[in-house]
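One letter stands for each residue in the lines below.
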Amino acid sequence: MIKEIPRYNLGDILEFKKTHPCGGKAWKVIRTGVDFKVECTTCGRVVMIPRIDLRKKVKKVLERAEIPE
Ligand SMILES: [Zn+2]
């Protein structure tokens, strides 16, 4: 069975398993690549996370960014 590998795109809003110290759970993807940059939508803090680690941190995608065809 093939398990779908989650893909995250620029502008996606992700919910992390761990709550940020500010109380926020929603993070916006502002850079993709080997390292992702995500911004806390509550306090605006930006963190860089390697793509491999990101998959383990994300609980679910709250909002998918519109992808132009
Ligand atoms: Zn925060």
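Quick note: structure is the one above.
Bear in mind that the values here come from a model prediction, so they are computed numbers and not experimental data. (Residues numbered from 1 in each chain as written. Predicted model: local features only at pLDDT ≥ 70, side-chain atom pairs only at ≥ 80, totals over all residues.)

Novice: Is there a simple way to explain the overall build of the chain in this structure?
Specialist: Counting its regular elements, the chain contains one helix and five strands. Shown N-terminal to C-terminal, the secondary structure of the chain runs as helices and strands in the order β-β-β-β-α-β. Looking at the 69 residues of the chain, the share that counts as buried comes to 10%. Summarising the internal contacts of the chain: among those between residues at least 6 apart in sequence, 33% fall at separations of at least 24. (Helix = DSSP H or I, 4+ residues; strand = E, 2+ residues; numbered from the N terminus. Buried ≥ 20, exposed ≤ 12 C-beta atoms within 10 Å, placed from the backbone. Contact = placed C-beta atoms within 7 Å.)

Novice: I'm lost on the pairing of strand β3 (residues 35-40) in this one. Help?
Specialist: Of the pairings in the sheet, the one linking strand β2 (residues 26-31) to β3 comprises four bridges and is antiparallel in character. Across the sheet, Trp27 pairs through a bridge with Cys40, a residue of β3. What sits between β2 and β3 in their antiparallel hairpin is a turn of three residues, with Gly33 showing a positive phi close to 140°. Linking β3 back to strand β4 (residues 46-50) in an antiparallel pair, the connection comprises five residues, with Gly44 at a positive phi of about 85°. (Pairing = 2+ DSSP bridges.)

Novice: I tried to follow the sheet that holds β4 on my own but got confused; where do I start?
Specialist: In a beta sheet, neighbouring strands are held together by backbone hydrogen bonds and run either parallel or antiparallel to one another. An order of β4-β3-β2-β1-β5 is seen for the five strands of this open sheet, with the pairing classed as antiparallel. Two strands bound the open sheet, and with one partner strand each, they are β4 and β5 (58-63). Taken over all neighbouring pairs, the strand axes of this sheet differ in orientation by 40° on average, direction set aside. (Axes fitted to C-alpha atoms, helices over the stretch in contact; angles between N-to-C directions.)

Novice: Any chance you could explain the pairing of β2 here in plain terms?
Specialist: As paired strands, strand β1 (residues 13-16) and β2 are joined by three bridges and run antiparallel to one another. Bridging across to β2, Ile13 finds its partner in Lys28.

Novice: Just to check I follow, could you spell out the nonpolar core for this structure?
Specialist: The tendency in soluble globular proteins is for nonpolar side chains to be buried side by side. Tyr8, Leu14, Trp27, Val29, Phe36 and Val38 form the largest nonpolar core, which has six residues in total. Secondary structure elements with two or more residues in this core: β2 and β3. Aside from chain neighbours lying at most four places away, what touches Val29 is Tyr8, Asn9, Leu10, Gly11, Asp12, Leu14, Phe36 and Val38. (Core = buried A, V, L, I, M, F, W, Y, C linked by C-beta atoms within 7 Å.)

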